[in-house]
Structure formats: structure tokens, C-alpha cells
Amino acid sequence: FASHLFLGVGKTTLIQKATQALKSTGVPIDGFYTEEVREHGRRTGFDVVTLSGKRGPLSRVSSDSSASRRECRVGQYVVDVASFEQLVLPLLRNVNLGSDAERKICIIDEIGKMELFSQPFIQAVRQTLSNSGTVILGTIPIPKGKPLDLVEEIRSRKDVKVFNVSSIKYSQRAFCSRVQVCIWICLK
């Protein structure tokens, strides 16, 4: 059976609901999710929010078309790699501390284009995937355009179960229950 679970489309809301349910189980859980930032009804970017409540910018809309070539951009968004790393890397290092006998859950929402501008993040995710004491509940984008190396690496791992959320015909509650069951199996 899989050691890690990754979700496809429609992910963050389900990750948040599953996280709330998993927190009540007593198994150590840490991680982060991304959240839209809106101003006057328009999406202006994304924040990273840790499960402990810390928040920082992941990206913001930039109207400056003459932006520096050194900027990391995804469409209209400029990615704040330094802010992302400052929040996420210590969290992933802490998850990887301790023995493999100590079972824990790590939430990673998401492993996508913006996050993959960070080489230390890529290394930390690989380290977490190799830690047999940690079960990852994460999100990855559906394949479109140029493949993302780490995403394809995750998708092809034998110890990963990928759920395509958009194709699941369950209610959110039923889906969260299914995820919880899978995580309990992974933790055994």
C-alpha cells in the first residue's frame, strides 16, 4: 500500500478539512497550505499558511512588464521565494527530525510551479519522501504543458497514491473519511 497521498485538482479546501480531522487523532501533524489572497473581489496572489498559523506571501500580481529577468514568475504572479523558504524550510526540517519509528503526518499544499523555484524546497520534499516515519498528505497539479520533474517523480513513485479530486464522485466529508482511512493504513 502507499506511504504517501497526493491530491490532484480542487485540493486546498479538502486538505484543510482533512487536516482538521487528522489533528483530532493525536498523531503529530505539521505542514502548510496555500491560500488565495483577494482584494476587492480580485485574486492578487497567494499566501503560505503553516498549520501553526504563521503566514507569508508566496506570490503577488505584478503589473510591471519590464520586471527583472531574475524574478521568478508564473503568469502574472511574481513568486517571493525567500518568504516561502523562510516559512516552509524550517517546518520540513523539523518534520524530518527524530526517528523513523515516530510516526507523523506532513501536509504539503502544494508542490507546483511557484514552489518549485526553490531548490532547497525540492531537496526537503525528497528528504521527507524518503523518511519512512512520515506520511505526506500533499497536493500536486494535474499534468499540463511542460512536465514538472519533482511532480512527475512523485506521481511515478510506488509508495505514492494519487487521488484526482475532480474525478471523485464523493461528498467532501466522504472524501475526507477516505483520506483518513488511507493515512491510518500508511501509519501502520
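In the nomenclature of an unreviewed UniProt entry, the protein corresponds to NTPCR triphosphatase from the organism Crypturellus undulatus.

## Describing the packing of helix α3 (residues 119–130) against helix α4 (residues 149–156)
At their nearest, the axes of α3 and α4 sit 11 Å apart, and the two run at 10 degrees to each other. It follows that α3 is roughly parallel to α4 by the angle criterion. Side by side, α3 and α4 meet where I122, V125, R126 and L129 of the first sit next to L150, E153 and I154 of the second. Its residues assigned to classes, the contact of α3 with α4 comprises five nonpolar, no polar and two charged.

## Observations concerning the pairing of strand β4 (residues 55–61)
The pairing of strand β3 (residues 42–50) with β4 spans five bridges and is classified as antiparallel. When the bridges of β4 are listed, F46 appears paired with S59. Linking β3 back to β4 in an antiparallel pair, the connection comprises four residues, with G53 at a positive phi of about 100 degrees. Alignment of β4 against strand β6 (residues 77–79), held across three bridges, turns out to be antiparallel. Across the sheet, residue R60 finds its bridge partner in β6, namely V78.

## Some remarks on unusual backbone geometry
Trans is the common state for peptide bonds, and a negative phi is the common state for residues other than glycine. The peptide bond linking D109 to E110 adopts the cis configuration, its omega dihedral lying at 20 degrees. Among the structural elements, E110 can be located in the loop between β7 (104–108) and α3. One non-glycine residue, H40, adopts positive backbone phi at about 55 degrees. Position of H40 relative to the elements: it lies in the loop between β2 (29–39) and β3.

## Observations regarding the pattern of salt bridges
Tallied over the full model, the rule gives nine salt bridges. Across the pair R38 and E36 runs a salt bridge, and its minimum N-O distance is 2.9 Å. Put simply, E152 and R155 hold a salt bridge, and the shortest N to O gap is 3.5 Å. In this pair, E152 and R155 are both assigned in helix α4, three residues apart and thus about one turn of the helix distant. Several salt bridges converge on common partners, so that one network encompasses E35, D47, R55 and R60.

## Concerning the environment of I108
Structurally, I108 can be placed in strand β7. Residue I108 is classed as buried on the basis of its relative accessible area, which comes to 0%. For the pair formed by I108 and T50, sequence separation is 58 residues and the distance between their alpha carbons is 9.6 Å. In this view, I108 contacts F32, L92, F121, V125, I136, L137, G138 and T139; residues no more than four positions away in its chain are not counted.

What counts, and where the lines are drawn
Residues take numbers from 1 onward in each chain, read along the sequence in its written order. The predicted nature of this model means local features are confined to residues of pLDDT at least 70 and side-chain atom pairs, given and counted, to a pLDDT of 80 or more, with totals for whole chains, interfaces and linings taken over all residues. As a rule here, side-chain values come from all non-hydrogen atoms in the structure, and water together with hydrogens is ignored. Fitting a line to C-alpha atoms yields each axis, with helices limited to the stretch in contact; the angle taken between N-to-C directions then spans 0 to 180 degrees. Secondary structure counts use DSSP, requiring at least four H or I residues in a row for a helix and at least two E residues in a row for a strand, with both numbered from the N terminus. Any angle between 65 and 115 degrees counts as roughly perpendicular, while under 35 counts as roughly parallel, over 145 as roughly antiparallel, and the rest as oblique. By the convention used here, residues are in contact when the closest approach between their heavy atoms is within 4.5 Å. Just so you know the grouping, Ala, Val, Leu, Ile, Met, Phe, Trp, Tyr, Cys and Pro go in nonpolar, Asp, Glu, Lys and Arg go in charged, and all remaining residues, Gly too, go in polar. Two strands qualify as a pair provided that DSSP identifies no fewer than 2 bridges between them. The term salt bridge refers to a pairing of a side-chain nitrogen on Lys or Arg with a carboxyl oxygen on Asp or Glu at a separation within 4 Å. Buried residues are those whose accessible area, probed at 1.4 Å on protein chains only, stays under 20% of the maximum for their type, while exposed residues exceed 50% and partly exposed ones sit between those limits.

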